[in-house]
Amino acid sequence: ETHVKDFGQRQINEQWHYDKINLPQAWDITVGSGNVKVAVLDTGIYHNHPDFAGRISLDSYDFVSNLASSGDGDGVDADPSDPGTGADNTLCPDSSSQTSEFHGTHVAGTIGAVGNNAVGVAGVNWNVELMDVRVLGCGGSGTVQDIVDGIYYAAGLPNRWGLDASSPADIINLSLGALTYSQSMATAVLSAREVGVIVIAASGNNALDGNAVNYPAANDGVISVSATNPDDVRADYSTFNTAVDISAPGGHGYNQSGSPDKRIYSASADIGVGGALSSGYSYSSGTSMAAPHVAGVASLMKEIYPLMSPAEFESSLVAGYLSVDLGGSGRDDEFGYGRVSASKALQTALNLATGQDVSFPPQVVASKGFINLGFSGTSSSFDVFNSGDGALSIISVTASEESVTIFSPVSVDGLGTYTIYISREGLAPGAYSASIAVVSSGGEAALTVRFEVLPDGEAVEEDAGIMYTLLYNINTSTVEHSASSSVNEGKYSFSIGDVTPGVYLLISGTDIDNDRLICGNGEACALWPSAAEPDYLIVNQSYEEIDLSAFFIVKTEASGLGAPSNPGSRSIASP
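Calculation criteria
Residues numbered from 1 in each chain as written. Predicted model: local features only at pLDDT ≥ 70, side-chain atom pairs only at ≥ 80, totals over all residues. Heavy atoms only, no water. Phe/Tyr/Trp six-rings, centres within 6.5 Å; stacked < 30°, edge-to-face > 60°. Helix = DSSP H or I, 4+ residues; strand = E, 2+ residues; numbered from the N terminus. Buried < 20%, exposed > 50% of the residue type's maximum accessible area, 1.4 Å probe, protein only. Axes fitted to C-alpha atoms, helices over the stretch in contact; angles between N-to-C directions. Parallel < 35°, antiparallel > 145°, perpendicular 65-115°, else oblique. Contact = heavy atoms within 4.5 Å. Nonpolar A, V, L, I, M, F, W, Y, C, P; charged D, E, K, R; others polar. Core = buried A, V, L, I, M, F, W, Y, C linked by side-chain atoms within 4.5 Å. Expected span 1.5 Å × (residues − 1). Pairing = 2+ DSSP bridges. Right-handed = clockwise from strand over helix to strand, strands pointing away. Salt bridge = Lys/Arg side-chain N within 4 Å of Asp/Glu carboxyl O. Left-handed = near helix turned anticlockwise from the far one by under 90°.

(A) Up close: the packing of aromatic side chains. Enumeration over the complete set of coordinates arrives at eleven aromatic pairs. When the ring of Phe63 is compared with that of Tyr153, the centres are 5.1 Å apart and the planes differ by 55°; the resulting orientation is tilted. Separated by 90 residues along the polypeptide, Phe63 in the loop between β2 (61–62) and α3 (67–70) and Tyr153 in helix α5 (residues 144–154) bring together distant segments of the chain. Residue Phe63 shares its accessibility class with Tyr153, and that shared class is buried. Counting every residue linked through ring pairs, the aromatic cluster contains Tyr18, Trp27 and Trp126.

Written out as structure tokens, the structure is:
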């Protein structure tokens, strides 16, 4: 069935989301010329789909290293194509989840499905090279290390496997995420940016789960994309926080879709007898679907202006030259700097490419929007910089509370690293919040500092309250076992028995606000093997004396309770 109308008139039926971002007008400028490479780090792409004919890069690679969860049984190799589910879902024998929902195929279709071919759908860029970098396997799950390797490979940087692409990607799309910070992931995305790669990621689908911060979208150097629905309102599932940079259509959530054509329509695959695959199409929703709209627009900009750097792309974004403002005036946590506009973005690229004056007004930016010092932290730092052109000077940096002291950098214009110190002296037990306002000749920036004060004589390492420990089954997406424990001589003990062999996460945390969700804002949290580099716990034997170190988590303001349906998202290391 053909789902594309006459592209000479730039008319589309199912792909309503392209009109929303003014893409038909942008296509009058360019539909792509095949000179830009976009890496899709995901579940793999169904390569035999006619909408990807001649578009899959020879540099594509599979980085799913664990044979049990790879789905194709052969680990890291040069075949990243999505293997499907096999006959009777046999490709993941240790998993109750299907190998794939063709998530990567759907994402790649939005970025670069072939256009004007009277087949299926069109991508934002009709003629882009798609580097298929498979980093997610069974059930759409994967490890931080595999994703880090994929980022380095796509960026043309050294990786664990010593693999080299013939040429690096210009843009990396990451429609995946985890709720835990990884230093190795943060380093990887910054390294990619430093060598000229624009890194774009989905903000997450956790608005109904305390609106938790999602990584790598919240990492420095990453363009975080939230999702809008057909009414240009933030989609109910879409994570919103200080890390969001821009928004794009992600469609209605599954529970409020009304009709399927109000979700995002893109390429997929169908599973036939014996697991045989054939090309197909599907509807899906999520910030995973929003991010590739921005990646596609960025690729069209690079077609026009190949020298565009990540800094120029971000400066254009901050200046409002890539988007239509939604929500409150200027940047806000729901839409960032607005909903992406392909026509504005391509006009900006034309101006840059032809040497016309593209004024990026001075714009002050703070490197962090939120600092949580918990019960014991006393200091932290943040950077203040100019994301635009021209001169900018800092007028004042002030805190709303006397308990917060700010030390300024030694610089003529006031830009640089600021250090804050807090004093708990004389403060009653409880939670505190202070606002820091940065006023400059190029606008204002703000961040929030939070900390807590314990009762006299009480130490956080002695008692953080009742700790709840959960054994979360990755394959079934359920908590199979739980235990609660109280402190005893500064430590907590727990025991969980009768566990079915499988792949799990072990999570422990407090529930200070009694919302029946652990590891919330200001609450203690611990993961095993570690919070910084989480991995999976494969249970096929007994484990004794597992040590977890709790930390007080940093999250944004909670926006609601309960668990999201997570349409379109991929969890890589946490539920």
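Now that the structure is up, let's keep going.
(B) Examining the packing of α5 against helix α6 (residues 183–194) more closely. Orientation of α5 relative to α6, taken along the N-to-C sense of each, is 10°, at an axis distance of 9 Å. Taken together, the axes of α5 and α6 are roughly parallel relative to one another. Residues Val144, Ile147, Val148, Ile151 and Tyr152 of α5 form the contact with α6, whose participating residues are Ser184, Met185, Thr187, Ala188, Val189, Ser191 and Ala192. Looking at side-chain class alone, the contact of α5 with α6 contains nine nonpolar, three polar and no charged residues.

(C) Expanded view of the nonpolar core. If you look at the biggest cluster of nonpolar residues, it comprises 56 residues, and the most contacted ones within it are Leu23, Ile200, Val225 and Phe313. In terms of residue count, the dominant contributor to this core is helix α7 (residues 287–304) (ten residues). Contacts of Val225, omitting those with residues within four sequence positions, involve Ile200, Ala201, Ala202, Ser203, Ile246, Ser247, Ala248, Thr287, Ala290, Ala291 and Val294. Core analysis: the second largest hydrophobic core is formed by 32 residues, Tyr153, Leu163, Val199 and Val222 among them.

(D) Inspection of helix α9 (residues 342–353) at higher detail. Under the 1.5 Å per step criterion, the end-to-end length of α9 is 16 Å for twelve residues, consistent within 8% with the ideal 16 Å. Of all the positions in α9, only Ala342, Ala345, Leu346, Thr348, Ala349, Asn351 and Leu352 are classed as buried. Packed against the buried residues of α9 are α2 (23–27), α7, α8 (310–318) and β11 (339–340). Immediately downstream of α9, the backbone of Gly355 shows phi near 80°, a positive value.

(E) Local environment of the side chain of Ser341. Tracing the sequence through the fold places Ser341 in the loop between β11 and α9. Here Ser341 is in contact with Ile21, Asn22, Leu322, Ser323 and Val324, once residues within four sequence places are set aside.

(F) Highlighting the pairing of strand β20 (residues 467–473). In terms of residue burial, β20 counts as a mostly covered element, since five of its seven residues are buried. Where β20 lies against strand β22 (residues 502–509), six bridges are found, and the strand directions are antiparallel. Note on β22: the bridge partner recorded for Tyr472 is Leu505.

(G) View of the environment of Gly142. Mapped onto the secondary structure, Gly142 falls in the loop between β3 (129–134) and α5. Accessibility expressed as a relative area gives 7% for Gly142, which makes it buried. Measuring from C-alpha to C-alpha, the distance between Gly142 and Thr43 comes to 9.1 Å, with 99 residues separating the pair along the chain.

(H) Spatial organisation of the pairing of strand β5 (residues 198–202). Most of β5 sits out of view: five of its five residues are buried. Neither face of β5 is open: one carries Ile198, Ile200 and Ala202, the other Val199 and Ala201, and all of them are buried. Bridge count between strand β4 (residues 171–174) and β5: four bridges; the pairing is parallel. Across the sheet, the residue bridging to Ile172 is Val199, located in β5. In terms of handedness, the path from β4 via α6 over to β5 forms a crossover that is right-handed. Sheet analysis places β5 next to strand β6 (residues 222–228), joined by four bridges and oriented parallel. Residue pairing in the sheet places Ala202 in a bridge with Val225 of β6.

(I) Structural context of the environment of Val499. Within the secondary structure, Val499 sits in the loop between β21 (478–485) and β22. Counting along the chain gives 28 residues from Val499 to Leu471, while the straight-line C-alpha distance between them is 9.1 Å.

(J) Fine view of the sheet that holds strand β16 (residues 404–407). Spatially, four strands are ordered β12-β14-β17-β16 in an open sheet, and the strand pairing comes out antiparallel. In this open sheet, the two edge strands, each paired with only one partner strand, are β12 (364–366) and β16. For this sheet, the mean angle separating the axes of adjacent strands, direction not counted, is 25°. Two strands pair when backbone bridges link them, and β16 and strand β17 (residues 416–422) are joined in this way by four bridges, in the antiparallel orientation. When the sheet's bridge partners are listed, Ile406 is paired in β17 with Ile420.

(K) Inspection of the pattern of salt bridges at higher detail. In this structure the tally under the stated criterion is eleven salt bridges. Note that Asp62 is salt-bridged to Arg134, the shortest N-O span being 3.2 Å. Placement of Asp62 in strand β2 and of Arg134 in strand β3 is noted, with a sequence separation of 72 residues between them. The buried category is assigned to Asp62, whose relative accessible area is 0%. Across the pair Arg160 and Asp149 runs a salt bridge, and its minimum N-O distance is 2.8 Å. One end of the pair, Arg160, is in the loop between α5 and β4; the other, Asp149, is in helix α5, with eleven residues separating them in the sequence. Classification of Arg160 by relative accessible area gives partly exposed; the value is 45%. Taking the relative accessible area as the measure of exposure, Asp149 reaches 2% and is therefore buried. Each of the salt bridges in this network shares a partner with another, and the network as a whole consists of Lys20, Asp232 and Arg339.

(L) Layout of the packing of α7 against α9. At a minimum axis distance of 8 Å, the contact between α7 and α9 shows a crossing angle of 25°. Classed by the angle they form, the pair α7 and α9 counts as roughly parallel. As for the relative orientation of α7 and α9, their crossing is right-handed in sense. Two secondary-structure elements touch here, α7 through Val297, Leu300, Met301 and Ile304 and α9 through Ala342, Ala345, Leu346, Ala349, Leu350 and Ala353. Classifying every residue of the contact of α7 with α9 by side-chain character gives ten nonpolar, no polar and no charged.

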